[in-house]
Amino acid sequence: MVRPAPPLPADAEPAAQPPVTGEPAAEPDARPAAPAYAPRPPVAQHFVQGGRAPVHYYTARSHKKSAMIVGGGAGAGAAVGAIAGGGKGAGIGGLVGGVGGFIYDRLTHRHRVH
């Protein structure tokens, strides 16, 4: 059932009111408008002339730096072990920290550089 529109005041313009009919209002287009995205910037690509592959090389770690890494791990382990278990804990912590430092040094000693 459609209700009739209320009467307009005397000073209102009739064109400002939508017409009231028994038909349903027209549905807007179901597809949303295309979003206004900025175009993607071009991706930088690296091509090697002559078809050769890029050259990778490894930097060497000095023996002094390796010793500093292992010694730092041992020192930190000894400090934690001393706090946790006194003299015996410091010995165990130093040993575990040294082994951990050595493993870290060997896993990271060949740093790849492009």
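Structure first, text after, so check above.
Reference entry: report on the structure contained in this document. (Residues numbered from 1 in each chain as written. Predicted model: local features only at pLDDT ≥ 70, side-chain atom pairs only at ≥ 80, totals over all residues. Heavy atoms only, no water.)

Considering the overall build of the chain
Then comes step 1: When helices and strands are tallied, the chain shows one helix and two strands.
Then comes step 2: Ordered by position from N to C terminus, the α and β elements of the chain give β-α-β.
Then comes step 3: For the chain, the residues scored as buried account for 10% of the 114 residues in total.
Then comes step 4: Once local pairs closer than 6 in sequence are excluded, the contacts in the chain between residues at least 24 apart make up 58%. (Helix = DSSP H or I, 4+ residues; strand = E, 2+ residues; numbered from the N terminus. Buried < 20%, exposed > 50% of the residue type's maximum accessible area, 1.4 Å probe, protein only. Contact = heavy atoms within 4.5 Å.)

What to know about the side chain of Ser66
Then comes step 1: Secondary-structure assignment places Ser66 in helix H1 (residues 63-108).
Then comes step 2: Ser66 sits in the buried class, given a relative accessible area of 11%.
Then comes step 3: When near neighbours in sequence (up to four residues on either side) are disregarded, Ser66 contacts Arg61, Asp105 and Arg106.

Examining a nonpolar patch on the surface
Then comes step 1: A cluster of nonpolar side chains, contributed by Leu95, Val99, Phe102, Ile103 and Leu107, occupies part of the molecular surface with about 530 Å² of accessible area.
Then comes step 2: Secondary-structure assignment places Phe102 in helix H1. (Patch = residues over 30% accessible without salt bridge, like charges linked within 9 Å, V, L, I, M, F, W, Y side chains within 5 Å. Areas by Shrake-Rupley, 256 points an atom, 1.4 Å probe, with all protein chains shown as cover. Salt bridge = Lys/Arg side-chain N within 4 Å of Asp/Glu carboxyl O.)

A short note on the pattern of salt bridges
Then comes step 1: What the rule picks out here adds up to two salt bridges.
Then comes step 2: Across the pair Asp105 and Arg61 runs a salt bridge, and its minimum N-O distance is 2.7 Å. Highlighted residues: Asp105 in helix H1 and Arg61 in the loop between strand E1 (57-59) and H1, separated in sequence by 44 residues.
Then comes step 3: Judged by its relative accessible area of 2%, Asp105 falls in the buried class.
Then comes step 4: For the salt bridge of Asp105 with Arg106, the shortest nitrogen-to-oxygen distance reads 3.0 Å.
Then comes step 5: Put simply, Arg61, Asp105 and Arg106 are held in one network by salt bridges that share partners.

Concerning the environment of Lys65
Then comes step 1: Counting through the fold element by element, Lys65 comes out in helix H1.
Then comes step 2: The exposed category is assigned to Lys65, whose relative accessible area is 55%.
Then comes step 3: Separated by 44 residues in sequence, Lys65 and His109 place their C-alpha atoms 9.8 Å apart.

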